[in-house]
Amino acid sequence: MTEPVTLSFVCLGNICRSPIAHVVAEDRIADSGLPFDVRVTSAGTGNWHTGEPMDPRAADVLRRHGYDPSRHRARHFTRDWFAEHDLIFTMDASNHADVVDLAPTVADHARVHMFRSFDPDAESDLDLPDPWFGGPEGFEDTLTIVERTVEAIVDRLPGLTDGHTV
Ligand code: 4NP
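Given the structure is predicted, the values throughout are model-derived calculations rather than measurements.

S.K.: Looking at this structure, how should I read the site of the ligand?
M.R.: Within the structure, the ligand sits among Cys11, Leu12, Gly13, Asn14, Ile15, Cys16, Arg17, His49, Asp130 and Trp132. At 2.8 Å, a side-chain N or O of arginine 17 approaches an oxygen atom of the ligand. In the complex, the protein chains occlude 89% of the 350 Å² of accessible area that the ligand would expose alone. Of the residues contributing to the shell around the ligand, the split by class is five nonpolar, three polar and two charged.

S.K.: Mind showing me how you'd approach helix α4 (residues 93-102) here?
M.R.: At 3.6 residues per turn, the α-helix brings residues three or four places apart onto the same side. The complete set of buried residues in α4 reads Asn95, His96, Val99 and Val100. Burial along α4 is one-sided: seen end-on, the buried residues are contained in an arc of 125°. Buried residues along α4 sit against β1 (5-11), α1 (17-30), α3 (81-84), β3 (87-90), α5 (106-109) and β4 (112-114). You can read the cap of α4 off the contacts: a side-chain oxygen lies 3.0 Å from the backbone nitrogen of serine 94, and it is on aspartate 92.

S.K.: How should the side chain of arginine 17 be read in this particular structure?
M.R.: As for its position among the elements, arginine 17 is in helix α1. One polar contact links arginine 17 to aspartate 92, side chain to side chain, over a distance of 2.9 Å. Among the polar contacts listed, one links the side chain of arginine 17 to the side chain of aspartate 130, at a separation of 3.4 Å. With near-sequence residues (within four places) excluded, arginine 17 lies in contact with Cys11, Leu12, Met91, Asp92, Asn95, Leu128, Pro129, Asp130, Pro131 and Thr142.

S.K.: Sorry if this is basic, but what is going on with the sheet that holds β3 here?
M.R.: In a beta sheet, neighbouring strands pair by backbone hydrogen bonds and run either parallel or antiparallel. The strand order across the open sheet formed by four strands is β2-β1-β3-β4, and the pairing between neighbours is parallel. The open sheet terminates on both sides in strands that have one partner only, identified here as β2 (38-44) and β4. Averaged over all pairs of adjacent strands, the angle between their axes in this sheet comes to 25°, without regard to strand direction. Pairing between β1 and β3: four bridges, direction parallel. Residue pairing across strands places phenylalanine 9 opposite phenylalanine 89, the latter belonging to β3. Running over the sheet, α4 touches β1, β3 and β4 and is turned about 170° from β4. Along the sheet, helix α6 (residues 136-160) makes contact with β1, β2 and β3, crossing β3 at roughly 145°.

Parameters and conventions
Residues numbered from 1 in each chain as written. Predicted model: local features only at pLDDT ≥ 70, side-chain atom pairs only at ≥ 80, totals over all residues. Heavy atoms only, no water. Near = heavy atom within 4 Å. Polar contact = N/O pair within 3.5 Å; in protein donor to acceptor, adjacent residues only side chain to side chain. Areas by Shrake-Rupley, 256 points an atom, 1.4 Å probe, with all protein chains shown as cover. Nonpolar A, V, L, I, M, F, W, Y, C, P; charged D, E, K, R; others polar. Buried < 20%, exposed > 50% of the residue type's maximum accessible area, 1.4 Å probe, protein only. Helix = DSSP H or I, 4+ residues; strand = E, 2+ residues; numbered from the N terminus. Arc of directions from axis to C-beta. Contact = heavy atoms within 4.5 Å. Pairing = 2+ DSSP bridges. Axes fitted to C-alpha atoms, helices over the stretch in contact; angles between N-to-C directions.

Quick look at the structure:
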């Protein structure tokens, strides 16, 4: 049996943006009929929230849209995550720079993608704005962007994971 394809979504705290992407991706993958198994994780480049559930505003928006946020516990992204994942999706340019800095090799660097580079509606700014500082409506906007971007990633997954080695 082949190993599952492994994806990770990475933001700063792993309590707002990447947990939303994680939960939506697991939901879409379960419905996708992809001919291989996919394992999804998420993490933060910072470790302040390790072990905590996601931000209640993120959990609320997910619940309102029919997702289950309850299983999430924040994790910290470290260098060894490269060995455990085929593809890593970063939520903004700062997260991207921090993750790339940890890449053991150039080939590992190439497996790190800006999440919104798959957003069909993205314009020149590929950052997923951090809703942490604002009100609940920011979390609705985050979910809208995440849903369409995750759908595009799942559609492209067979091509992205051709010849995966993990
Ligand atoms: P996230 O949002 O990176 O989308 O999880 C943040 C959550 C917490 C903090 C910053 C961003 N913080 O500074 O604690």
